[in-house]
Amino acid sequence: MQIAERPTSATIEHGLSASATRIITEGGTPLRGNLRIGGAKNAALPMMAAALLTDEPCTLENVPILADIYVMVDLLRRLGADVEFTPELHRVRIHARDITERTAPADLVERMRASFLVSGPILARTGEMTSPAPGGCKLGSRPVDVDVRGFKRMGANVFVGDGFYKMTASRLEGAEIYMDYPSHTGTENLLMAATLSRGVTTIVNAAAEPEIDALGKMLIEMGAKIEGLGTPYLRITGVERLHGFHTSILPDRLEAGTFAIGAVATGGEIVLENVNQRDMLPLTYKLREAGAEVWWGDSDMLVRAGKTLDSVEVQALPFPGFPTDLQAAFAVLLTQANGVSRIYERVFNDRLRYVDELAKMGARVQLVNNQEARFTGPTPLHGADVTALDIRSGACLILAGLVASGESRISEIKHVRRGYEDIVGKFASLGASIRYE
Ligand code: EPU
């Protein structure tokens with residue numbers, strides 16, 4: 001599907017932009033053109049951690065070039081793995097012949113919650129793991145109880161110190177695990193740990209995000225025995241050892257979603273290449289409900305703004321509910337919709353703080369409580385100085401800047417760089433007026 005010839009974006013973000021702290025946008029140009037979607041951050045991180053389960057070499061292709069990937073590369077190296085990262089090829093090779101360090105370094109773990117994903121593999125492979133409680137985006141409470149309780153069920157002794165966990169087990173044992181909440185990374189951690197445990201592990205109320213499905217399929221390629229992928233019931237029969245892998249990372253549904261929403265909010269039309277239709281269904285339905293058109297090819301998605309934009313209600317829920325990671329971007333679209341719209345954030349208890357920044361740009365938005373926001377539209381947005389609070393609120397503010405009249409300056413873009421590869425180049429390739437300061 002081709003709708004316009006545009007230069008492709010420079011896919012690798014290096015040099016100049018790496019030192020930039022602000023993004024400048026000039027709104028008012030509808031997004032138009034074709035864009036190829038990159039590999040999913042939230043699949044790449046657990047897949048990299050999974051390389052610690054085996055002493056054989058592992059290769060990942062289609063790796064997005066992001067700050068969080070660099071953190072995971074550092075973390076794996078500090079734990080003893082040989083890691084060869086080739087950004088030009090979007091490839092990471094990991095060879096964890098030996099795990100030489102069983103304590104995750106605090107300076108890295110505090111930067112990214114996904115760092116805790118090395119705990120399951122190292123505990124399962126070596127019988128010992130110490131990790132600080134992880135940091136990451138501030139979205140409300142983000143415990144790792146689900147993971148820790150699961151490790152305990154599998155026979156690990158867990159000592160909880162002042163801000164850290166020390167876990168030991170001669171060998172993890174299969175167990176019946178019920179997850180109080182279907183935690184995304186919690187499911188991944190327990191799934192990885194169970195592959196090398198003795199006997200059968202069942203996980204009930206598991207999360208079923210597409211990234212978990214992809215991780216599970218890769219573990220099967222490594223020799224793991226897993227049933228129930230994509231459902232809330234997982235059954236894992238432990239094996240003695242796992243082999244290496246050579247896998248390509250699935251398309252990033254959150255990157256695709258951000259651009260799709262941007263096309264509609266700016267009144268444009270884009271084709272996103274390399275997207276999985278099933279992963280995009282929750283967003284597809286809400287875009288259509290708001291009056292936009294969405295058409296599917298084999299792995300392409302055409303998104304076109306409709307004649308009008310209607311108000312809708314969005315509930316952010318675990319997959320296949322509407323992704324919490326896209327509600328902030330969707331909020332920008334709601335500022336342009338006719339009537340009253342609402343977002344209910346049901347996953348995190350404090351992920352709507354960005355509405356104060358949107359209000360600085362003229363959005364008529366009321367925070368009903370920490371998990372509900374009410375938008376009245378359409379409102380003309382105007383340029384302003386605003387601050388990214390986390391990865392997805394940063395993307396939201398960039399979108400708002402592309403809708404707003406005049407110039408916007410978005411600071412703290414280090415957050416955005418954690419989750420979006422070359423976001424400036426990609427928006428520019430779709431005709432947006434956007435640059436690093
Ligand atoms: N929760 C518990 N107990 C736990 C763990 C989680 O109650 O032991 C609650 C949390 O308090 C939170 C909710 O469960 O309210 C969701 O947390 P979850 O553990 O599912 O999220 P996560 O694994 O920390 C991943 C993604 C997030 C994404 C969420 C929801 C990665 C690396 N991170 O986080 O991605 O928002 O799932 O889908 O996969 C992002 O990419 O910007 C991002 C934040």
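Look above for the structure.
Residues numbered from 1 in each chain as written. Predicted model: local features only at pLDDT ≥ 70, side-chain atom pairs only at ≥ 80, totals over all residues. Heavy atoms only, no water.

J.: Help me out: how do you make sense of the pattern of salt bridges in this one?
T.: When charged atoms on two side chains of opposite charge get close, those side chains can pair. Scanning the entire structure with this criterion turns up 30 salt bridges. When the shortest N-O distance is used, the salt bridge between R97 and D82 registers 2.8 Å. Residue R97 is found in the loop between β5 (91-95) and α3 (106-109), and its partner D82 is found in strand β4 (residues 82-86); the two are separated by 15 residues along the sequence. On the accessibility criterion, R97 (47% relative accessible area) is partly exposed. As a salt-bridge pair, E372 and R342 come within 3.4 Å of each other at their nearest N and O atoms. Highlighted residues: E372 in strand β20 (residues 372-377) and R342 in strand β18 (residues 339-345), separated in sequence by 30 residues. On the basis of relative accessibility, which here comes to 14%, the residue E372 falls in the buried class. (Salt bridge = Lys/Arg side-chain N within 4 Å of Asp/Glu carboxyl O. Helix = DSSP H or I, 4+ residues; strand = E, 2+ residues; numbered from the N terminus. Buried < 20%, exposed > 50% of the residue type's maximum accessible area, 1.4 Å probe, protein only.)

J.: What is the right way to read unusual backbone geometry from this model?
T.: Following F319, the chain continues into P320 via a peptide bond in cis, with omega recorded as 10°. On the secondary structure map, P320 appears in the loop between β17 (313-316) and α10 (324-335). In this model, G377 is joined to P378 through a cis peptide bond whose omega is 0°. Here P378 is to be found in the loop between β20 and β21 (385-387). Here N205, not a glycine, exhibits a phi torsion of approximately 70°, which is positive. Not every positive phi belongs to a glycine, and E412 is a case in point at roughly 60°. Here E412 shows up in the loop between β22 (407-411) and α13 (414-419). The class for E412 is partly exposed, based on a relative accessible area of 33%.

J.: Hey, could you run me through the site of the ligand in this one?
T.: In the neighbourhood of the ligand, 22 residues make up the surrounding shell, with R113, S141, S183, T185 and V347 lying closest. V347 places a polar main-chain atom, nitrogen or oxygen, 2.5 Å from an oxygen atom of the ligand. Burial of the ligand by the protein amounts to 90% of the accessible area it has alone, namely 830 Å². Where the shell around the ligand is concerned, the elements lending two or more residues are α1 (41-50), α5 (145-153), α6 (184-195), α10 and α12 (391-403). (Near = heavy atom within 4 Å. Polar contact = N/O pair within 3.5 Å; in protein donor to acceptor, adjacent residues only side chain to side chain. Areas by Shrake-Rupley, 256 points an atom, 1.4 Å probe, with all protein chains shown as cover.)

J.: What should I look at first to understand helix α8 (residues 253-265) in this one?
T.: For an α-helix, the turn length of 3.6 residues means that residues three or four places apart are oriented alike. Along its 13 residues, α8 runs 18 Å from first to last C-alpha, staying within 8% of the 18 Å computed at 1.5 Å per residue. The buried count for α8 comes to 13 of 13 residues, which makes it a mostly enclosed element. By the N-cap criterion, in which a side-chain oxygen at the helix start approaches the backbone nitrogen of a residue two or three places on, α8 is capped by D252, the distance to L254 being 2.8 Å. Positive phi shows up at G267, right after α8, with a value of about 75°. (Expected span 1.5 Å × (residues − 1).)

J.: What's the story with the packing of α1 against α6 in this structure? I'm lost.
T.: Between two packed helices, what matters for the description is the angle formed by their axes and the separation of those axes. Viewed as axis vectors pointing N to C, α1 and α6 meet at an angle of 25°, and their least axial separation amounts to 11 Å. If you check the angle between α1 and α6, you find them roughly parallel. Along this stretch, α1 crosses α6, giving a crossing that reads as right-handed. Counted together, N42, P46, A49 and A50 of α1 and H184, E188 and M192 of α6 form the full contact between these two elements. The residue inventory of the contact of α1 with α6, partitioned by class, reads 4 nonpolar, 2 polar and 1 charged. (Axes fitted to C-alpha atoms, helices over the stretch in contact; angles between N-to-C directions. Parallel < 35°, antiparallel > 145°, perpendicular 65-115°, else oblique. Left-handed = near helix turned anticlockwise from the far one by under 90°. Contact = heavy atoms within 4.5 Å. Nonpolar A, V, L, I, M, F, W, Y, C, P; charged D, E, K, R; others polar.)

J.: Whenever I open this one, the pairing of β20 confuses me. Can you help?
T.: Consecutive side chains along a regular strand alternate between the two faces of the sheet. Where β18 meets β20, 6 bridges bridge the pair, whose relative direction is antiparallel. Bridged to I343 within β20 is A373. Bridge analysis of strand β19 (residues 364-369) against β20 gives 5 bridges, and the strand direction is antiparallel. Paired with N369 across the strands is E372, a residue of β20. Here β19 folds back onto β20, and the loop between the two strands holds 2 residues. (Pairing = 2+ DSSP bridges.)

J.: Is there a simple way to explain the environment of G262 in this structure?
T.: In this structure, G262 sits in helix α8. With 41 residues separating them in the primary sequence, G262 and V303 have C-alpha atoms 9.7 Å apart. Those residues in contact with G262, other than ones at most four positions away along the chain, are L31 and L399.

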